[in-house]
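Residues per chain, in single letters:
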Amino acid sequence: MPHARSVIRPLVFLLGLIGGLVLPSLGLTQESPQPPPINSGDTAWVLMSTALVLLMIVPGLALFYGGLVRTKNVLATIMQSVIILCLVSLLWIAFGYSLAFGPDR
């Protein structure tokens, strides 16, 4: 006979997983009113915030992770941060911008 804990934990996990997958889809069935028109100020704010975050990655993360490794590995660690910056920038251009400012449906 299995212990109560060994039965309850998987059950709670499955219920949480099912609830996490089902509950968000229930909100999609409601009809929403017409969305407001795109505001140029909002667009400029999102683009400026994105640019500032991307500019903080190089000195912030690169130097932080560079300080965690040995001296001979600092350049490689900083270059990894720069490569990730380039990858995130390309992903934002390819997918993020269209998700943020594309049509709702």
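This is a predicted model, so every value here is computed, not measured.

Calculation notes
Residues numbered from 1 in each chain as written. Predicted model: local features only at pLDDT ≥ 70, side-chain atom pairs only at ≥ 80, totals over all residues. Heavy atoms only, no water. Helix = DSSP H or I, 4+ residues; strand = E, 2+ residues; numbered from the N terminus. Buried < 20%, exposed > 50% of the residue type's maximum accessible area, 1.4 Å probe, protein only. Areas by Shrake-Rupley, 256 points an atom, 1.4 Å probe, with all protein chains shown as cover. Expected span 1.5 Å × (residues − 1). Bend = angle between axes of the 7 residues up to and from the residue. Contact = heavy atoms within 4.5 Å. Polar contact = N/O pair within 3.5 Å; in protein donor to acceptor, adjacent residues only side chain to side chain. Phe/Tyr/Trp six-rings, centres within 6.5 Å; stacked < 30°, edge-to-face > 60°. Patch = residues over 30% accessible without salt bridge, like charges linked within 9 Å, V, L, I, M, F, W, Y side chains within 5 Å. Salt bridge = Lys/Arg side-chain N within 4 Å of Asp/Glu carboxyl O.

1. Comments concerning the overall build of the protein
No. 1: Helices and strands together make up the secondary structure of the protein, namely 3 helices and 0 strands.
No. 2: A total of 105 residues make up the protein; the buried ones form 10% of that total.
No. 3: Accessible surface computed for the protein: about 9,100 Å², of which carbon and sulfur atoms make up 74%.

2. Some words on helix α2 (residues 40-68)
No. 1: The first and last C-alpha atoms of α2 sit 42 Å apart over 29 residues, in line with the 42 Å expected at 1.5 Å per residue.
No. 2: I57 marks the point of greatest bend in α2, at about 40°, and the proline P59 comes within the next four residues.
No. 3: Turning to α2, its buried residues number three or more, namely T43, L54, I57, A62 and G66.
No. 4: On the buried face of α2, the contacting elements are α3 (74-101).
No. 5: You can read the cap of α2 off the contacts: a side-chain oxygen lies 3.0 Å from the backbone nitrogen of G41, and it is on N39.

3. Here we look at the side chain of S81
No. 1: Within the secondary structure, S81 is located in helix α3.
No. 2: In this view, S81 contacts I57, L61 and A62; residues no more than four positions away in its chain are not counted.

4. Some words on the side chain of T43
No. 1: With respect to the element layout, T43 can be found in helix α2.
No. 2: Residue T43 is classed as buried on the basis of its relative accessible area, which comes to 16%.
No. 3: Polar contacts involving the side chain of T43 include one to the main-chain carbonyl oxygen of N39, which spans 3.1 Å.
No. 4: Residue contacts for T43: discarding those within four places in its chain leaves I38, Y97 and F101.

5. Here we look at α3
No. 1: The end-to-end C-alpha distance of α3, which contains 28 residues, comes to 38 Å, matching closely the 40 Å that a straight helix rising 1.5 Å per residue would cover.
No. 2: Where α3 bends most, at W92, the angle is about 45°.
No. 3: Where α3 is buried, its residues touch α2.

6. Points about the packing of aromatic side chains
No. 1: Tallied over the entire structure, the rule returns 1 aromatic pair.
No. 2: With centroids separated by 5.2 Å and ring planes inclined at 65°, the aromatic side chains of F64 and Y65 adopt a geometry described as edge-to-face.

7. Overview of a nonpolar patch on the surface
No. 1: On the surface, F13, L14, L17, I18, L21 and V22 cluster together into a nonpolar patch covering about 600 Å² of accessible area.
No. 2: Turning to its location among the elements, I18 is positioned in helix α1 (residues 4-26).

8. A few points about the environment of I78
No. 1: You can see I78 is positioned in helix α3.
No. 2: Separated by 14 residues in the primary sequence, I78 and F64 have C-alpha atoms spaced 9.1 Å apart.
No. 3: What I78 contacts, discounting residues up to four positions off in sequence, is A62 and L63.

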